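A closer look at the structure
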Amino acid sequence: MTVKLADLRSRRWYADAGMRGFAHRQRMQQMGLRREDVLERPIVGIINTWSDLSPCHAHLRERADAVKRGVLLAGGMPFELPALSLGEVMVKPTTMLYRNLLAMECEELLRSHPIDGVVLMGGCDKTTPGLLMGAISMGIPALYCPAGPMLNDRHRGRTVGAGTHTRMFWDDYQSGRVEAAEWVSLESRMTRSPGTCNTMGTASTMTAMAEALGFVLPGASSIPAMDAGHTRMATRCGERLVQMIWEDLTPQRLLSRGSFLNAVAVQMALGGSTNAAVHIIALARRAGIPLTLQDLDDVGRRVPVIANLFPSGTQLMEDFYYAGGLPALMNRIREHLSLDELTVTGQALRAQLEGAEVVDDETIRPLNNPISTQPALAVLTGNLCPQGAVIKPSAADPRLMQHRGPALVFDSQPQMLAAMADPDLPCTPDTVLILRNAGPVGAPGMPEWGGLPIPKKLLNQGVRDMVRISDARMSGTHYGSCVLHVSPESAVGGPLALVQTGDMIELDVAGRRLNMQVSDDELARRRSVWRAPVQPFTRGWTRLYQQHVTQAHEGCDLDFLEHGAPTPEPVIF
Ligand code: FES
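These lines cover the structure that appears in this document, whether it is placed above or below. Predicted model only: the values in this text are computed from it and were never measured.

**Structural notes on the overall build of the protein**
Within the protein, the secondary structure is distributed over 22 helices and 14 strands. Taken over the C-alpha atoms alone, the protein extends approximately 75 × 55 × 45 Å along its principal axes. Per element, the accessible surface of the protein, about 21200 Å² overall, is 52% carbon and sulfur. Distance between charge centres in the protein, computed from 55 positive and 59 negative side chains, equals 3 Å.

**Side note on helix 2 (residues 19-30)**
Because each turn of an α-helix spans 3.6 residues, side chains separated by three or four positions end up pointing in the same direction. In this model helix 2 runs 16 Å from its N-terminal to its C-terminal C-alpha over 12 residues, within 8% of the 16 Å that 1.5 Å per residue would give. What helix 2 keeps buried is the set Gly21, Ala23, His24, Arg25 and Met28. In this structure, the buried residues of helix 2 make contact with helix 1 (11-14), helix 3 (35-39) and strand 2 (77-82). Within two residues after helix 2, Gly32 carries a phi angle of roughly 95 degrees, on the positive side.

**A short note on the sheet that holds strand 9 (residues 402-410)**
A sheet is described by the order of its strands in space; here 8 strands give the open sequence 7-8-12-11-10-9-13-14, paired in mixed fashion. Both edges of this open sheet fall to strand 7 (378-380) and strand 14 (513-516), since each of them pairs with a single strand only. Ignoring which end each strand starts from, the neighbouring axes of this sheet average 25 degrees apart. Relative to strand 12 (residues 482-487), strand 11 (residues 468-470) runs parallel, the two sharing 2 bridges.

**Regarding the packing of aromatic side chains**
Under the criterion given, the structure shown has 5 aromatic pairs. Pairing Tyr321 with Tyr322 gives two aromatic rings, centres 5.9 Å apart and planes at 50 degrees, and the pair type is tilted. The exposure class assigned to Tyr322 is exposed, which follows from its relative accessible area of 51%. A cation over an aromatic ring shows up here: Arg12 above the ring of Trp13, its NZ or CZ 5.9 Å from the ring centre.

**Things to note about the nonpolar core**
Of all hydrophobic cores here, the largest spans 106 residues; its most connected members are Leu120, Ile280 and Leu329. Residue contacts for Ile280: discarding those within four places in its chain leaves Met209, Leu213, Phe260, Ala263, Val264, Leu291 and Leu296.

**What about the state of the cysteines?**
Applying the stated criterion to the full structure yields 0 disulfides. The cysteine Cys106 is free of any disulfide, with Cys145 supplying the nearest cysteine sulfur at 14 Å.

**Considering the pairing of strand 2**
In this structure, strand 1 (residues 43-48) lies alongside strand 2, joined through 6 bridges in parallel fashion. Bridging from a neighbouring strand, Ile43 pairs with Met77 of strand 2. One crossover worth recording links strand 1 to the parallel strand 2 by way of helix 4 (residues 60-73), and it is right-handed.

**A few points about unusual backbone geometry**
In this structure, Pro93 follows Lys92 across a cis peptide bond, with omega equal to 0 degrees. On the secondary structure map, Pro93 appears in the loop between strand 2 and helix 5 (96-112). Geometrically, the link from Ser487 to Pro488 is a cis peptide bond, its omega value of -5 degrees lying close to zero. With respect to the helices and strands, the residue Pro488 is situated in the loop between strand 12 and strand 13 (504-508). The backbone of Arg156 shows a phi angle near 50 degrees, a positive value even though the residue is not glycine. Among the secondary structure elements, Arg156 is positioned in the loop between strand 5 (153-155) and strand 6 (158-160). What makes Arg156 exposed here is its relative accessible area of 67%. Although it is not a glycine, Arg512 sits at a positive phi angle of roughly 60 degrees. Take Arg512: it is sitting in the loop between strand 13 and strand 14. Judged by its relative accessible area of 11%, Arg512 is buried.

How each quantity is defined
- Residues numbered from 1 in each chain as written.
- Predicted model: local features only at pLDDT ≥ 70, side-chain atom pairs only at ≥ 80, totals over all residues.
- Heavy atoms only, no water.
- Helix = DSSP H or I, 4+ residues; strand = E, 2+ residues; numbered from the N terminus.
- Areas by Shrake-Rupley, 256 points an atom, 1.4 Å probe, with all protein chains shown as cover.
- Lys, Arg positive; Asp, Glu negative; His and termini not counted.
- Charge placed at Lys NZ, Arg CZ, Asp CG, Glu CD.
- Expected span 1.5 Å × (residues − 1).
- Buried < 20%, exposed > 50% of the residue type's maximum accessible area, 1.4 Å probe, protein only.
- Contact = heavy atoms within 4.5 Å.
- Pairing = 2+ DSSP bridges.
- Axes fitted to C-alpha atoms, helices over the stretch in contact; angles between N-to-C directions.
- Phe/Tyr/Trp six-rings, centres within 6.5 Å; stacked < 30°, edge-to-face > 60°.
- Lys NZ or Arg CZ within 6 Å of the ring centre and 35° of its normal.
- Core = buried A, V, L, I, M, F, W, Y, C linked by side-chain atoms within 4.5 Å.
- Disulfide = S-S within 2.5 Å.
- Right-handed = clockwise from strand over helix to strand, strands pointing away.

Printed below as a string of structure tokens:
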């Protein structure tokens, strides 16, 4: 134990001998607490992103009670603080617009209150990076309690999960293969219980990466939300966090370039979401650790996709848990990991992988029998994306990874969606669909519009994948030959703003290139007449966001949050 009671941060509030200390203790006693409850115990914050409009976190209200039990058992004093609940499906225009707001809220909640350490409760896509970004910037001991994936469901004898299957059934409904009555009945299928999406979407990717970074108890990110083991895990989170306070086990001690590369290796082995590219770079920059898109591409080239999970594979998170979960997968890729990295257990990763065995080789494949010969993420550059773009080859049609075709360009999401229903849309399976003004500034918030739908005319011909390019993101549960995160985005004058319908586009994933075959002179001419789109947001959070958000290859954080000297502790008087 390196920290003594007298060293605790909360003592500045509660041990003060003056009138302020009196008021702080008095107000705690107003709630029925005893003087010694706040004076003689470490104070644990529980930041909870539960809300009635966040089905993925529906169980976190009661799980917080389990965390509190653990804190009390370990001699701490728990206080629950609600924070912005970013339920992916309900929050518009996109939760990504608010990830940085949650990060800022988390940091300031911790800074402004008498808190010695924190258990972070989230799981739905942006809550994991948002909470961790805030906790890294705050720098007190922090442990992440993941919401856990929802349970598998079955429809007409077939196992179905959230996200990926929704898109599949929608395409079948659009092309008449699913009847209207079945489509309505599917509303009550696929999402069988509280918990996060049970495919290898962004939620499962980010909670697994949080575990690989060292912020999560071993195996915790794989436990289904409705398993009794999830409640036991939550109790253990509270208990362990109290010990971490005494050990002064801060994020700065957990994080290193090695731990970030471990997280990226896990993303690749899982066939994780492309969204992770933005989040992991944002997290690294908060920690002051260099990490670039090139690093992600390098790891993707050497770590194969071995988790047989949708959308790259065929199974769901519950199957992954039964197969051994994340520790088993990490053990299988241990030659690609830095095993000396410290985790919230207080031990090196090496120790906690001992004995973590895969019990189902079909769900977690051996390294020599991967799910795909294609990587989970490839980073492209070229005259269409000079600062980079990403694609998920493992969840795309291999036939399209080398492709040349004419562009069909849309300037907005509504324009694109209206066109997709047009039976006379001038397109063939070779057409390259392009959507712009969908990036961090342009949309704003870089929504998940990058999985552009297949035009209905082509769906009816049986086409299920095409090359699509945008400065948007794509849901981690979706699949397809979608080039995403084009940087710089079109709204700030990136070359995507200059491409025109009919330009020939060349995609070469093996060569990591994406180009439009347009001469430099012609591009210069188009640039001379280009004007930035007029933005309607003149006030509020969106205005602040548009003024300060960084580009996709930099993590889309706010520029004034990612760097700078540590913020001073608040004055108490
Ligand atoms: Fe919350 Fe997918 S909608 S995890």
